[in-house]
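# Results of the structural survey
Next come the chains, spelled out residue by residue.
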Amino acid sequence: MHRSFSSLALFAAALVGVGALSQIAPSAPANAQVAARDGITFDAYLEQIKAKARAQGVSEQTIQRMTSGLTPNPTVIRLDQGQPGTPTRRGYPDLAPYIAKHVNPTRINGGRQAYSANSGILRAVERDYGVPGEIIIAIFGHETSYGRIRGNFDLSRSLATLAWEGRRRELFEGEWIALMKVADKGYSRDELVGSYAGAFGNPQFLPSVYLRLATDGDGDGRANIFSNRADTFASIANYFRDAGWRTGQPWGVRAYVPAGFDVDAYKTKLSAPVCPRVHERHSQWKTVAEWRALGIQPQRPLADDTLTSLFQPDGPGNPAWLLTSNYRVILEYNCSNYYAMSVGLLADEIVN
């Protein structure tokens, strides 16, 4: 699995998960140009993609129904061009306000209700995949507010528009052809709706991720991540297992850091090729025993030989955590410390 692609492919999921489709539209630039960067017309580009889809085995019937009447969607281009660019290295927003907003009583109560209502399914999924039910529900809650907000963009039109426009043609062209392969499994175009950038269903998978990891959780022969909870939860768990989730290990635990401890003295010396601003905030990896010897005390049981990274996002005197490799798995779903921390903390609240 190409990890950098998986993180990129799921960036759209976070947009839908926090209701951002409604939030970001007003700030998108009004003067976005509806034109391809290389000058190719939309109709000419469609013919190129039809040929590529045929070459990859997509049926002619599916190609025709997924391309019929397509025109570029200017809103999609405005939203895509309105995404923030590469941030500077000056500081980070505090984590605490983000957690207060995203791990709030409404989301916690919704998670507890979903966890209780689906306890049988979750126990079976946890047994088969080794991923805790509360983590699955926390992802479900963050991505689509427990299935209530999944986006309503015509995915075929959105992905065709983004591929044609050309800013990230290789990514979106591949996703558009993958969407046709999903449609070839018996999904109508009306069913295939989601975020403006192509993510869909309860887990907010991109089409290529669906083809690779979507799972039939109830044995009916179809991986329906739109309305089937068993399929949804098994698919999320399959994603986590594929990304390296370690059964029986928490994502992280709160840690006591003594006054005057110099966290910066243990900053990582590794340079991450993907999401460097996320990983540069974590410390070196040490065993729990090594951290204990330095005065760092986990506040929940954690085996002495567990490798962990120290993370104190809001600075000295504020909460700190020892993060395990399972935290990195959450980052595979969305490469953001704010997202990963809120998923982990929500999961803890759901079962505590």
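The following paragraphs examine the structure supplied in this document. Position numbers for residues start from 1 in each chain and track the written sequence from start to end. Since the coordinates come from a predicted model, pLDDT governs what is reported: local features require at least 70, and pairs of side-chain atoms require 80 or more to be given and counted, while whole-chain, interface and lining totals use all residues. The side-chain numbers reported here are obtained from all heavy atoms of the structure, hydrogens and water having been left aside.

Further remarks concern the sheet that holds strand β3 (residues 252-256). Pairing between sheet strands relies on hydrogen bonds along the backbone, with the strands arranged either parallel or antiparallel. Here, any two strands with at least 2 DSSP bridges between them count as paired. Only DSSP runs of H or I covering at least 4 residues are called helices, and only runs of E covering at least 2 are called strands; the numbering of each starts at the N terminus. Spatial ordering of the open sheet is given by β4-β6-β7-β3-β5, a layout of five strands whose pairing is antiparallel. Where the open sheet ends on each side, the last strands, each with one partner, are β4 (285-287) and β5 (297-298). As paired strands, β3 and strand β7 (residues 320-323) are joined by four bridges and run antiparallel to one another. The residue bridging Ala255 from the neighbouring strand is Ala320, located in β7.

Turning our attention to the state of the cysteines. Any two cysteine sulfur atoms lying within 2.5 Å of each other are counted as a disulfide. Evaluation of the coordinates by the stated rule reveals one disulfide. Shown here is the disulfide that connects Cys275 with Cys335, its sulfur atoms set 2.2 Å apart. Placement of Cys275 in the loop between β3 and α15 (276-279) and of Cys335 in the loop between α17 (325-333) and α18 (337-351) is noted, with a sequence separation of 60 residues between them. Buried, partly exposed and exposed residues are distinguished by accessible area as a fraction of the type maximum, computed with a 1.4 Å probe on protein chains only: under 20%, between the cut-offs, and over 50%, respectively. Taking the relative accessible area as the measure of exposure, Cys275 reaches 22% and is therefore partly exposed.

All right, on to the packing of helix α7 (residues 95-102) against α18 then. Here the axes come from fitting lines to C-alpha atoms, over the contacting stretch only for helices, and the angles between their N-to-C directions go from 0 to 180 degrees. Closest axis-to-axis distance for the α7/α18 pair is 10 Å, and the angle between their directions is 50°. Comparing their axes, α18 and α7 come out oblique. α7 and α18 meet at a crossing whose hand is right-handed. Along its contact with α7, which presents Leu95, Tyr98, Ile99 and His102, the element α18 presents Tyr338, Tyr339, Met341, Ser342 and Leu345. Each residue receives one of three labels: charged for Asp, Glu, Lys and Arg, nonpolar for Ala, Val, Leu, Ile, Met, Phe, Trp, Tyr, Cys and Pro, and polar for the others, Gly being one of them. Of the residues belonging to the contact of α7 with α18, the class tally is seven nonpolar, two polar and no charged. Roughly parallel means an angle under 35 degrees; roughly antiparallel means over 145; roughly perpendicular covers 65 to 115; every other angle is labelled oblique. By convention, the crossing between two helices is left-handed when the near helix turns anticlockwise from the far helix through less than a right angle, and right-handed when the turn is clockwise. Contacts between residues were defined by any pair of non-hydrogen atoms, one from each residue, lying within 4.5 Å.

It is worth spelling out the layout of surface pockets at this point. With a probe scaled to a water molecule rolled over the atoms, the places where space remains empty come into view. The method works on a 1 Å grid over the protein atoms by themselves. A cavity is a set of points holding a 1.4 Å probe that cannot get out, a pocket is an open set with protein on both sides within 12 Å along at least five of seven lines, and residues with an atom within 4 Å of a point line them. Grid points are joined across faces, edges and corners, and a volume is the space filled by probe spheres set on the points. The computed volume of the second largest pocket comes to approximately 350 Å³. Lining the second largest pocket are 17 residues, and of these Val263, Asp264, Lys267, Arg281 and Gln312 sit closest to its centre. The residue makeup of the lining of the second largest pocket, split by class, is seven nonpolar, five polar and five charged.

Where helix α10 (residues 133-144) meets α18, the closest approach of the two axes is 8 Å, and the angle between their N-to-C directions is 125°. As far as their axial angle goes, α18 and α10 are oblique. Regarding α10 and α18, the two cross each other, and that crossing is right-handed. Where α10 approaches α18, its residues Glu134, Ile135, Ile137, Ala138, Ile139, His142 and Glu143 are matched on the opposing element by Tyr339, Ser342, Val343, Leu346, Ala347, Ile350 and Val351. Across the contact of α10 with α18, the residue classes tally to ten nonpolar, two polar and two charged.

All of the buried residues in helix α6 (residues 74-81) are Val76, Ile77, Leu79 and Asp80. Looking straight down α6, one finds its buried side chains confined to an arc of 165°; they lie on one side. Within 3.5 Å is the distance limit for a polar contact, defined as a pair of N or O atoms, with the added protein rule that one can donate a hydrogen and the other accept it, and that residues adjacent in sequence qualify only through two side-chain atoms. For α6, the side-chain oxygen to backbone nitrogen distance between the N-cap and Thr75 is 3.0 Å, and the N-cap itself is Asn73. Arc definition: directions from the helix axis to the C-beta atoms.

We note that Ser145 has phi near 50°; this positive angle belongs to a residue other than glycine. Looking at where Ser145 falls in the secondary structure, it is placed in the loop between α10 and β1 (153-154). In the Ramachandran plot, Gln204 falls in the positive-phi region, its phi being about 55° despite a non-glycine side chain. Secondary-structure assignment places Gln204 in the loop between β2 (193-194) and α13 (207-213). Here Gln204 falls in the buried class, since its relative accessible area comes to 0%.

Okay, the pattern of salt bridges next. Salt bridges are defined by distance alone: a side-chain nitrogen of Lys or Arg within 4 Å of a carboxyl oxygen of Asp or Glu. Per the stated rule, a full pass over the model turns up eleven salt bridges. Note that Asp80 and Arg167 form a salt bridge whose closest N and O atoms lie 2.9 Å from each other. Of this pair, Asp80 sits in helix α6 while Arg167 sits in the loop between α11 (155-165) and α12 (169-183); the two residues are 87 residues apart in sequence, bridging distant segments of the chain. Owing to a relative accessible area of 2%, Asp80 belongs among the buried residues under this scheme.

This next bit is on the environment of Gln299. Within the secondary structure, Gln299 is located in the loop between β5 and β6 (307-311). Between the alpha carbons of Gln299 and Tyr256 there is a distance of 6.8 Å; along the sequence they are 43 residues apart. The contacts of Gln299, once residues within four sequence positions are left out, are Arg254, Ala255 and Tyr256. A distance of 2.9 Å separates the side chain of Gln299 from the backbone oxygen of Gln297, its partner in a polar contact.

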